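# Coordinates in review
Residues per chain are reported as follows:
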Amino acid sequence: MANESRFSKLIGGLIAGAALAAGYVVAIRPRLLTWGATDEEVKRSLPGDDLVRNPQMASTHAITINRPAAAVWPWVVQIGHQRAGWYSYDWLHRLMGIAGSVEDASRSAERVIPELQDLRVGDEIEIGPDMGYNVVALDPERALVLHIAVEMGSFEPFDPAGEQPDESFASSWTWFLEEIGEEKTRLIVRIRIGYSPSVATALMVHGVMEPGSFIMERKTLLGIKRRAEAAGG
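The sections below set out a description of the structure shown in this document. (Residues numbered from 1 in each chain as written. Predicted model: local features only at pLDDT ≥ 70, side-chain atom pairs only at ≥ 80, totals over all residues. Heavy atoms only, no water.)

## A closer look at the pairing of strand β5 (residues 168-181)
Counting buried residues in β5 gives 10 out of 14 residues, a clear majority hidden from the surface. In this structure, strand β4 (residues 143-151) lies alongside β5, joined through nine bridges in antiparallel fashion. Paired with Ile 148 across the two strands is Ser 171, which belongs to β5. With 12 bridges joining them, β5 and strand β6 (residues 184-195) adopt antiparallel strand pairing. Within β6, the residue paired with Ala 170 across the bridge is Gly 194. Hairpin connection, β5 to β6: the antiparallel pair is bridged by two residues. (Buried < 20%, exposed > 50% of the residue type's maximum accessible area, 1.4 Å probe, protein only. Helix = DSSP H or I, 4+ residues; strand = E, 2+ residues; numbered from the N terminus. Pairing = 2+ DSSP bridges.)

## Brief notes about the pattern of salt bridges
Throughout the structure, instances matching the rule amount to 10 salt bridges. The residue Arg 44 makes a salt bridge to Glu 178 at a minimum N-O spacing of 2.9 Å. Of this pair, Arg 44 sits in the loop between α2 (39-43) and β1 (57-65) while Glu 178 sits in strand β5; the two residues are 134 residues apart in sequence, bridging distant segments of the chain. For Arg 44, a relative accessible area of 25% translates into the label partly exposed. The exposure class of Glu 178 is partly exposed, given its relative accessible area of 23%. A salt bridge links Glu 183 to Arg 67; the shortest N-O distance between them is 3.7 Å. Within this pair, whereas Glu 183 is found in the loop between β5 and β6, its partner Arg 67 is found in the loop between β1 and α3 (69-77), the two being separated by 116 residues in sequence. Look at the salt bridges and you will find they share partners, linking Arg 107, Glu 110, Arg 226 and Arg 227 into a network. (Salt bridge = Lys/Arg side-chain N within 4 Å of Asp/Glu carboxyl O.)

## Observations regarding the environment of Val 145
Mapped onto the elements of the fold, Val 145 is located in strand β4. You can call Val 145 buried: its relative accessible area is 2%. C-alpha of Val 145 to C-alpha of Val 121: the two residues are 24 residues apart in sequence and 9.2 Å apart in space. If we skip the residues at most four places from it in the chain, Val 145 touches Pro 47, Gly 48, Leu 51, Asn 134, Val 135, Val 136, Ala 137, Trp 173 and Thr 174. (Contact = heavy atoms within 4.5 Å.)

## Quick notes on the packing of α3 against helix α5 (residues 199-231)
Running from amino to carboxyl end, α3 crosses α5 at an angle of 135°, the nearest separation of the two axes being 9 Å. Of the possible angle classes, the one that applies to α3 and α5 is oblique. At the point where α3 passes α5, the crossing takes the right-handed sense. Only Ile 224, Arg 227, Ala 228 and Ala 231 of α5 make contact with α3, whose side of the interface consists of Ala 71, Val 72, Trp 75 and Val 76. Residues belonging to the contact of α3 with α5 are distributed by class as follows: seven nonpolar, no polar and one charged. (Axes fitted to C-alpha atoms, helices over the stretch in contact; angles between N-to-C directions. Parallel < 35°, antiparallel > 145°, perpendicular 65-115°, else oblique. Left-handed = near helix turned anticlockwise from the far one by under 90°. Nonpolar A, V, L, I, M, F, W, Y, C, P; charged D, E, K, R; others polar.)

## Let's talk about the nonpolar core
Side chains of a nonpolar character, in soluble globular proteins, are inclined to be buried together. Counting 40 residues, the largest nonpolar core has Leu 144, Trp 175, Leu 187 and Ile 224 as the members making the most contacts within it. Once you skip the residues sitting within four places of it in the chain, Ile 224 turns out to touch Ile 65, Val 72, Trp 75, Val 76, Tyr 87, Trp 175 and Leu 187. Membership of the second largest hydrophobic core comes to six residues, among which are Leu 46, Ala 62, Ala 143 and Phe 176. (Core = buried A, V, L, I, M, F, W, Y, C linked by side-chain atoms within 4.5 Å.)

## Let's talk about the layout of surface pockets
Put simply, the largest pocket is a space of about 870 Å³. What lines the largest pocket is a set of 30 residues, and nearest its centre among them are Met 96, Ile 98, Ile 127, Met 209 and Ser 213. Mapped by element, the contributors of at least two residues to the lining of the largest pocket are α4 (90-95), β2 (124-128), β3 (131-139), β4, β5, β6 and α5. The biggest single contributor to the lining of the largest pocket is α5, with nine residues. (1 Å grid on protein atoms, 1.4 Å probe; cavity = no way out; pocket = protein on both sides within 12 Å on 5 of 7 lines; lining within 4 Å. Points joined across faces, edges and corners; volume = space filled by probe spheres on them.)

## Side note on unusual backbone geometry
In this structure, Asp 130 takes a positive phi of about 65° despite not being glycine. Mapped onto the elements of the fold, Asp 130 is located in the loop between β2 and β3. Judged by relative accessible area, Asp 130 falls into the exposed class, the value being 76%.

Structure below.
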């Protein structure tokens with residue numbers, strides 16, 4: 001009887017776990033991956049989509065900012081570790097060893113920093129110490145496209161057009177601005193991730209990066225909106 005009871009509890013736990021996982025995949029995950037974005041924005045092509053052609057994970061987040069693109073762009077182009085920060089949860093970034101702005105390592109910038117506006121293709125935007133995305137395309141006041149391709153384990157970069165390592169991770173990160181009126185801009189941010197089949201990498205991407213990206217990127221978009229709109233008076 002005791003064995004039957006333990007077996008019943010195990011089966012019940014497995015069923016409950018499967019139900020929770022199914023609920024997350026069906027009801028919660030799609031909302032995390034498309035926060036703020038319309039169906040059209042999720043489906044449309046954006047610069048940088050070709051960098052990761054068959055992603056295992058893709059998110060499109062968006063927000064409306066009551067300022068023209070010219071007033072939003074300066075806040076976007078200066079993002080990054082030891083640049084202007086990420087306009088997100090600074091306390092959490094501090095715990096992770098990610099610095100805020102060049103002016104104050106403990107927090108993200110509250111102003112446009114002139115010396116950070118001259119971003120160019122080939123530059124690197126660090127997401128944290130010793131890891132960053134390369135700027136692969138830049139259309140001022142319109143699009144910023146970032147890309148990273150590394151070998152898992154060593155995190156050494158590799159050329160996506162060349163020989164592929166056994167275990168790899170590649171991601172594109174597009175920041176796209178579209179004016180929808182004289183004083184309104186849609187800021188659309190898309191992440192596409194592709195990786196070599198690996199249980200560990202799949203758990204990292206879908207178990208950590210997906211929810212983490214939603215939490216931090218949502219706050220970043222809200223932070224850009226607040227700063228850009230406040231700067232406009």
